[in-house]
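Chain by chain, the residues:
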Amino acid sequence: MSWELVVKEKFSSAHFLENYSGKCERMHGHTFRIEAYFNVKELDTSGIGIDFTEIKAYLKELVPDHQVLNEVFDFSPSAENLSRYLYNKIKEKYNVSKVIVWESENAGAIYTEDK
């Protein structure tokens, strides 16, 4: 048996895309949505694989809410790079299977490790 858990979080920040030609090269903002997926093979005695409250608190620590992402990170903060960054940070603590970063309700990036 196994379960796939998902936890969602959101944050609002500004960014601009470096080395890009188009409207997104200028500073603009998003309410980013994050979805983090976790594989769980066992449940504790209360029937929980990973405590959602614990994961949500960890995600809140990782996201730079109401900041300029280009000032926070040493990489161009595209949805693709953000999903990879968050995946690797979450992986330090949890068995994460994929992370999705949504810039809008219609555009996002999924990061997972190739197997």
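For the structure, check the block above.
## A closer look at the nonpolar core
Stage number 1. F38, L86, I90 and V99 are the most contacted members of the largest nonpolar core, which totals 27 residues.
Stage number 2. Among the elements of the structure, β1 (3–15), β2 (28–40), α1 (52–62), α3 (79–91) and β3 (96–104) are those that each provide at least two residues to this core.
Stage number 3. In this view, F38 contacts W3, E4, L5, V7, I50, I55, I90, Y94, N95, V96 and S97; residues no more than four positions away in its chain are not counted.

## Re the side chain of N81
Stage number 1. Checked against the element boundaries, N81 lands in helix α3.
Stage number 2. Of note is the side chain of N81, whose polar atom sits 2.7 Å from the side chain of R84.
Stage number 3. Sequence-distant contacts of N81, defined by excluding residues within four places in its chain, comprise F75 and S76.

## What to know about the pattern of salt bridges
Stage number 1. One pass over the structure, following the stated rule, counts four salt bridges.
Stage number 2. Note that E9 is salt-bridged to K56, the shortest N-O span being 3.3 Å. Placement of the pair is E9 in strand β1 and K56 in helix α1, with a sequence separation of 47 residues.
Stage number 3. On the basis of relative accessible area, K56 is assigned to the partly exposed category, the value being 34%.
Stage number 4. E92 is paired through a salt bridge with K89; the nearest N and O atoms lie 3.7 Å apart.
Stage number 5. A residue is classified by how much of its surface remains accessible, and E92, at 58% relative accessible area, is exposed.
Stage number 6. Connected via shared salt-bridge partners are E9, K56 and K60.

## So, the sheet that holds β1
Stage number 1. Sheet architecture is open: four strands sit in the order β1-β2-β3-β4, paired in antiparallel fashion. If you trace the sheet from one side to the other, it starts and ends with β1 and β4 (107–111), each paired once. On average, each strand axis in the sheet is tilted by 15° relative to the strand beside it, whichever way the strands run.
Stage number 2. Looking at chain direction, β2 and β3 are connected through six bridges and run antiparallel.

Quick notes on the rules
- Residues numbered from 1 in each chain as written.
- Predicted model: local features only at pLDDT ≥ 70, side-chain atom pairs only at ≥ 80, totals over all residues.
- Heavy atoms only, no water.
- Core = buried A, V, L, I, M, F, W, Y, C linked by side-chain atoms within 4.5 Å.
- Buried < 20%, exposed > 50% of the residue type's maximum accessible area, 1.4 Å probe, protein only.
- Helix = DSSP H or I, 4+ residues; strand = E, 2+ residues; numbered from the N terminus.
- Contact = heavy atoms within 4.5 Å.
- Polar contact = N/O pair within 3.5 Å; in protein donor to acceptor, adjacent residues only side chain to side chain.
- Salt bridge = Lys/Arg side-chain N within 4 Å of Asp/Glu carboxyl O.
- Pairing = 2+ DSSP bridges.
- Axes fitted to C-alpha atoms, helices over the stretch in contact; angles between N-to-C directions.

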